[in-house]
Amino acid sequence: MTLTTYFLYVAAVALLVVTPGPTMLMSMTNAATHGTAKALMSTAGSVTAVLGVMLLSSLGMGAVLAASDVAFTAMKLIGAAYLIYLGVTTFLNADRAVLTTTRSTDESRSARSLFLQGWMVGASNPKAILFFSAFFPQFIDAQAAFVPQFSVLAVTFITMEFSVLSLCCVFAARLGPWLRQSGRTRTFNRISGSLFACMGGLLLLVRRPS
(Lines give C-alpha, C1' and ligand atoms only; values in the text may rest on other atoms or scores of the structure.)
Protein backbone atom coordinates (compact mmCIF):
# COMPACT_ATOMS: atom_id res chain seq x y z
CA MET A 1 0.00 0.00 0.00
CA THR A 2 1.57 3.26 -1.13
CA LEU A 3 1.37 6.56 0.75
CA THR A 4 -0.88 7.96 -1.99
CA THR A 5 -3.27 5.03 -1.57
CA TYR A 6 -3.32 5.59 2.18
CA PHE A 7 -4.16 9.29 1.81
CA LEU A 8 -6.99 8.38 -0.56
CA TYR A 9 -8.24 5.96 2.08
CA VAL A 10 -8.10 8.66 4.77
CA ALA A 11 -10.10 11.01 2.55
CA ALA A 12 -12.73 8.32 1.89
CA VAL A 13 -13.00 7.47 5.58
CA ALA A 14 -13.29 11.15 6.52
CA LEU A 15 -16.28 11.51 4.20
CA LEU A 16 -17.84 8.37 5.62
CA VAL A 17 -17.45 9.15 9.34
CA VAL A 18 -18.87 12.68 9.08
CA THR A 19 -22.00 11.41 7.32
CA PRO A 20 -24.86 11.32 9.87
CA GLY A 21 -26.20 7.91 10.78
CA PRO A 22 -27.57 5.83 13.69
CA THR A 23 -24.26 5.83 15.58
CA MET A 24 -23.85 9.60 15.44
CA LEU A 25 -27.48 10.12 16.43
CA MET A 26 -27.10 7.71 19.36
CA SER A 27 -23.91 9.40 20.59
CA MET A 28 -25.45 12.86 20.49
CA THR A 29 -28.69 11.74 22.12
CA ASN A 30 -26.84 10.06 24.98
CA ALA A 31 -24.53 13.05 25.41
CA ALA A 32 -27.44 15.47 25.65
CA THR A 33 -29.24 13.21 28.11
CA HIS A 34 -26.48 11.59 30.18
CA GLY A 35 -23.40 13.75 29.68
CA THR A 36 -20.17 13.36 27.73
CA ALA A 37 -18.54 10.63 29.83
CA LYS A 38 -21.52 8.27 29.65
CA ALA A 39 -22.06 9.00 25.96
CA LEU A 40 -18.45 8.10 25.22
CA MET A 41 -19.16 4.62 26.60
CA SER A 42 -21.85 4.09 23.96
CA THR A 43 -19.44 5.48 21.37
CA ALA A 44 -16.77 3.02 22.52
CA GLY A 45 -19.29 0.20 22.20
CA SER A 46 -20.14 1.22 18.66
CA VAL A 47 -16.49 1.49 17.64
CA THR A 48 -15.80 -1.94 19.15
CA ALA A 49 -18.64 -3.38 17.08
CA VAL A 50 -17.29 -1.71 13.94
CA LEU A 51 -13.90 -3.28 14.58
CA GLY A 52 -15.62 -6.67 14.86
CA VAL A 53 -17.47 -6.00 11.60
CA MET A 54 -14.17 -5.18 9.91
CA LEU A 55 -12.63 -8.41 11.18
CA LEU A 56 -15.63 -10.46 10.03
CA SER A 57 -15.42 -8.82 6.63
CA SER A 58 -11.76 -9.74 6.35
CA LEU A 59 -12.64 -13.33 7.23
CA GLY A 60 -15.18 -13.57 4.43
CA MET A 61 -18.46 -12.86 6.25
CA GLY A 62 -19.26 -10.22 3.66
CA ALA A 63 -19.07 -12.84 0.92
CA VAL A 64 -21.42 -15.07 2.90
CA LEU A 65 -24.00 -12.31 3.32
CA ALA A 66 -23.70 -11.35 -0.34
CA ALA A 67 -24.27 -14.96 -1.41
CA SER A 68 -26.94 -16.00 1.10
CA ASP A 69 -30.30 -14.28 0.99
CA VAL A 70 -31.36 -16.02 4.21
CA ALA A 71 -28.30 -14.84 6.17
CA PHE A 72 -28.57 -11.30 4.87
CA THR A 73 -32.31 -11.09 5.59
CA ALA A 74 -31.85 -12.48 9.11
CA MET A 75 -29.20 -9.88 9.98
CA LYS A 76 -31.25 -7.14 8.37
CA LEU A 77 -34.35 -8.01 10.40
CA ILE A 78 -32.38 -8.17 13.65
CA GLY A 79 -30.71 -4.83 12.97
CA ALA A 80 -33.92 -3.11 11.90
CA ALA A 81 -35.82 -4.49 14.89
CA TYR A 82 -33.24 -3.13 17.31
CA LEU A 83 -33.16 0.32 15.72
CA ILE A 84 -36.96 0.49 15.77
CA TYR A 85 -37.00 -0.71 19.39
CA LEU A 86 -34.42 1.94 20.30
CA GLY A 87 -36.50 4.56 18.52
CA VAL A 88 -39.74 3.59 20.26
CA THR A 89 -38.16 3.46 23.73
CA THR A 90 -36.37 6.78 23.20
CA PHE A 91 -39.62 8.39 22.08
CA LEU A 92 -41.72 6.92 24.90
CA ASN A 93 -39.10 7.75 27.55
CA ALA A 94 -38.84 11.37 26.46
CA ASP A 95 -40.61 12.57 29.62
CA ARG A 96 -38.33 10.49 31.84
CA ALA A 97 -35.30 11.91 30.01
CA VAL A 98 -36.32 15.38 31.21
CA LEU A 99 -36.00 14.16 34.79
CA THR A 100 -32.79 12.28 34.09
CA THR A 101 -30.99 15.37 32.81
CA THR A 102 -31.65 17.15 36.12
CA ARG A 103 -29.92 14.42 38.11
CA SER A 104 -26.34 13.35 38.47
CA THR A 105 -25.27 11.19 35.53
CA ASP A 106 -24.32 8.52 38.06
CA GLU A 107 -28.03 8.09 38.74
CA SER A 108 -28.91 7.60 35.08
CA ARG A 109 -28.12 4.65 32.83
CA SER A 110 -25.05 2.59 33.67
CA ALA A 111 -21.92 2.78 31.57
CA ARG A 112 -22.25 -0.94 30.84
CA SER A 113 -25.76 -0.61 29.42
CA LEU A 114 -24.69 2.33 27.26
CA PHE A 115 -21.67 0.40 25.98
CA LEU A 116 -23.97 -2.49 25.06
CA GLN A 117 -26.38 -0.11 23.35
CA GLY A 118 -23.53 1.31 21.30
CA TRP A 119 -22.33 -2.16 20.39
CA MET A 120 -25.79 -3.17 19.22
CA VAL A 121 -26.18 -0.05 17.07
CA GLY A 122 -22.72 -0.49 15.58
CA ALA A 123 -23.35 -4.13 14.75
CA SER A 124 -26.96 -3.77 13.64
CA ASN A 125 -26.41 -3.03 9.96
CA PRO A 126 -25.53 -5.94 7.63
CA LYS A 127 -24.64 -3.38 4.97
CA ALA A 128 -21.58 -2.49 7.05
CA ILE A 129 -20.08 -5.94 6.53
CA LEU A 130 -20.79 -5.78 2.81
CA PHE A 131 -19.38 -2.26 2.68
CA PHE A 132 -16.11 -3.18 4.37
CA SER A 133 -15.82 -6.29 2.22
CA ALA A 134 -16.02 -4.11 -0.89
CA PHE A 135 -14.23 -1.06 0.53
CA PHE A 136 -11.07 -2.49 2.05
CA PRO A 137 -9.83 -4.53 -0.93
CA GLN A 138 -9.53 -1.34 -2.98
CA PHE A 139 -6.75 -0.14 -0.69
CA ILE A 140 -4.96 -3.46 -0.13
CA ASP A 141 -1.86 -4.35 -2.14
CA ALA A 142 -2.31 -8.01 -3.06
CA GLN A 143 1.45 -8.39 -3.45
CA ALA A 144 2.18 -7.32 0.15
CA ALA A 145 1.40 -8.91 3.51
CA PHE A 146 -2.30 -8.59 4.36
CA VAL A 147 -2.23 -8.34 8.17
CA PRO A 148 -0.02 -5.21 8.46
CA GLN A 149 -2.07 -3.41 5.81
CA PHE A 150 -5.37 -4.39 7.38
CA SER A 151 -4.11 -3.28 10.81
CA VAL A 152 -3.17 0.16 9.51
CA LEU A 153 -6.50 0.62 7.74
CA ALA A 154 -8.48 -0.63 10.74
CA VAL A 155 -6.65 1.55 13.28
CA THR A 156 -7.04 4.58 11.02
CA PHE A 157 -10.77 4.01 10.61
CA ILE A 158 -11.38 3.40 14.31
CA THR A 159 -9.35 6.45 15.33
CA MET A 160 -11.16 8.76 12.93
CA GLU A 161 -14.58 7.34 13.80
CA PHE A 162 -14.05 7.67 17.54
CA SER A 163 -12.63 11.18 17.18
CA VAL A 164 -15.60 12.46 15.18
CA LEU A 165 -18.14 10.81 17.48
CA SER A 166 -16.34 12.20 20.54
CA LEU A 167 -16.59 15.71 19.13
CA CYS A 168 -20.29 15.13 18.53
CA CYS A 169 -20.68 14.01 22.15
CA VAL A 170 -18.93 17.13 23.47
CA PHE A 171 -21.05 19.38 21.28
CA ALA A 172 -24.32 17.68 22.24
CA ALA A 173 -23.42 17.68 25.95
CA ARG A 174 -22.94 21.44 25.81
CA LEU A 175 -26.48 21.70 24.54
CA GLY A 176 -27.73 19.94 27.67
CA PRO A 177 -28.48 23.08 29.72
CA TRP A 178 -30.26 24.67 26.76
CA LEU A 179 -32.28 21.50 26.12
CA ARG A 180 -33.41 21.38 29.75
CA GLN A 181 -35.26 24.64 29.26
CA SER A 182 -38.97 24.61 28.45
CA GLY A 183 -39.18 20.90 27.72
CA ARG A 184 -36.65 20.94 24.90
CA THR A 185 -35.15 17.65 26.09
CA ARG A 186 -38.53 16.01 25.60
CA THR A 187 -38.74 17.34 22.05
CA PHE A 188 -35.12 16.38 21.30
CA ASN A 189 -35.64 12.79 22.45
CA ARG A 190 -38.89 12.44 20.55
CA ILE A 191 -37.17 13.62 17.39
CA SER A 192 -34.26 11.25 18.05
CA GLY A 193 -36.62 8.36 18.69
CA SER A 194 -38.48 9.05 15.46
CA LEU A 195 -35.22 9.16 13.51
CA PHE A 196 -34.05 5.86 15.00
CA ALA A 197 -37.32 4.23 14.00
CA CYS A 198 -37.08 5.69 10.49
CA MET A 199 -33.54 4.36 10.11
CA GLY A 200 -34.75 0.93 11.18
CA GLY A 201 -37.55 1.14 8.64
CA LEU A 202 -35.12 2.15 5.89
CA LEU A 203 -32.90 -0.79 6.79
CA LEU A 204 -35.84 -3.09 6.08
CA LEU A 205 -35.86 -1.77 2.50
CA VAL A 206 -32.23 -2.67 1.89
CA ARG A 207 -31.78 -5.52 -0.57
CA ARG A 208 -28.93 -7.96 -0.90
CA PRO A 209 -26.64 -7.04 -3.81
CA SER A 210 -27.29 -9.30 -6.78
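These figures come from a predicted structure and were not determined experimentally.

Calculation rules
Residues numbered from 1 in each chain as written. Predicted model: local features only at pLDDT ≥ 70, side-chain atom pairs only at ≥ 80, totals over all residues. Heavy atoms only, no water. Helix = DSSP H or I, 4+ residues; strand = E, 2+ residues; numbered from the N terminus. Buried < 20%, exposed > 50% of the residue type's maximum accessible area, 1.4 Å probe, protein only. Contact = heavy atoms within 4.5 Å. Areas by Shrake-Rupley, 256 points an atom, 1.4 Å probe, with all protein chains shown as cover. pLDDT = per-residue confidence, 0-100. Phe/Tyr/Trp six-rings, centres within 6.5 Å; stacked < 30°, edge-to-face > 60°. Axes fitted to C-alpha atoms, helices over the stretch in contact; angles between N-to-C directions. Parallel < 35°, antiparallel > 145°, perpendicular 65-115°, else oblique. Left-handed = near helix turned anticlockwise from the far one by under 90°. Core = buried A, V, L, I, M, F, W, Y, C linked by side-chain atoms within 4.5 Å. Nonpolar A, V, L, I, M, F, W, Y, C, P; charged D, E, K, R; others polar. Patch = residues over 30% accessible without salt bridge, like charges linked within 9 Å, V, L, I, M, F, W, Y side chains within 5 Å. Salt bridge = Lys/Arg side-chain N within 4 Å of Asp/Glu carboxyl O.

*Asks:* Lay out the overall build of the protein with the relevant residues and their values.
*Replies:* From N to C terminus, the protein includes eleven helices and zero strands. Ordered by position from the N terminus, the helices and strands of the protein form the series α-α-α-α-α-α-α-α-α-α-α. The buried share of the protein, reckoned over its 210 residues, is 40%. Pairs at least 24 residues apart make up 88% of the contacts formed inside the protein by residues separated by at least 6 positions. On the protein, roughly 10900 Å² of surface is accessible, and the fraction owed to carbon and sulfur atoms is 69%.

*Asks:* Got a sec to walk through the confidence of the model for the protein? Specific residues and values, please.
*Replies:* Overall, the predicted model of the protein reaches an average pLDDT of 77, with 78% of residues at or above 70. The element-level mean pLDDT for the protein is lowest in helix α6 (residues 94–100), coming to 50, with helix α9 (residues 146–174) highest at 89. pLDDT under 50 marks residues 97–107. Its contacts with residues more than four places away, or in other chains, come to 17 contacts.

*Asks:* I'd like a description of the packing of aromatic side chains, backed by residues and values.
*Replies:* Describing an aromatic ring pair means giving the distance of the ring centres and the angle of the ring planes. All told, the structure shown has one aromatic pair when counted by the stated rule. Between tyrosine 6 and phenylalanine 7 the ring centres are 6.2 Å apart and the planes differ by 50 degrees, which places this aromatic pair in the tilted class.

*Asks:* Please provide a residue-by-residue account of the packing of helix α2 (residues 22–34) against helix α7 (residues 111–123), values included.
*Replies:* For the pair α2 and α7, interaxial distance at closest approach is 10 Å and the crossing angle is 160 degrees. Taken together, the axes of α2 and α7 are roughly antiparallel relative to one another. Every pair of crossing elements has a handedness; the one defined by α2 and α7 is right-handed. Of the residues in α7, those in contact with Pro22, Thr23, Met26, Asn30 and His34 of α2 are Leu114, Gln117, Gly118 and Val121.

*Asks:* How would you explain the nonpolar core if you had to name every residue and give the values?
*Replies:* If you look at the biggest cluster of nonpolar residues, it comprises 23 residues, and the most contacted ones within it are Tyr9, Val13, Met54, Phe132, Phe136 and Phe157. For this core, the elements supplying multiple residues, two or more each, are α1 (3–17), α3 (36–58), α8 (126–135) and α9. Among the elements that take part in this core, α9 stands out by supplying nine residues, more than any other. Look past the residues within four positions of tyrosine 9 in its chain and what remains in contact with it is Phe135, Phe136, Phe139, Leu153, Ala154, Thr156 and Phe157. By size, the runner-up hydrophobic cluster in this structure holds seven residues, among which are Tyr82, Leu83, Leu86 and Val121.

*Asks:* Quick one: what's the story with the packing of α2 against α3, residue by residue and with numbers?
*Replies:* At a minimum axis distance of 7 Å, the contact between α2 and α3 shows a crossing angle of 160 degrees. Relative to α3, α2 is oriented roughly antiparallel. The element α2 and its partner α3 pack so that their crossing is right-handed. Residues Thr23, Met26, Ser27, Asn30, Ala31 and His34 of α2 lie in contact with α3, whose contacting residues are Thr36, Lys38, Ala39, Ser42, Thr43 and Ser46. A breakdown of the residues in the contact of α2 with α3 according to their chemical character gives three nonpolar, eight polar and one charged.

*Asks:* With reference to specific residues and values, describe a nonpolar patch on the surface.
*Replies:* There is a patch of nonpolar side chains on the surface, built from Val88, Phe91 and Leu92 and spanning about 280 Å² of accessible area. On the secondary structure map, leucine 92 appears in helix α5 (residues 69–92).

*Asks:* Can you lay out the environment of isoleucine 158 for me, pointing to particular residues and giving the numbers?
*Replies:* Relative to the helices and strands, isoleucine 158 resides in helix α9. The buried category is assigned to isoleucine 158, whose relative accessible area is 17%. Taking C-alpha positions, isoleucine 158 is 9.8 Å from alanine 44, a pair spaced 114 residues apart along the chain. When sequence neighbours within four positions are dropped, the list of residues in contact with isoleucine 158 reads Val47, Val50, Leu51 and Met54.

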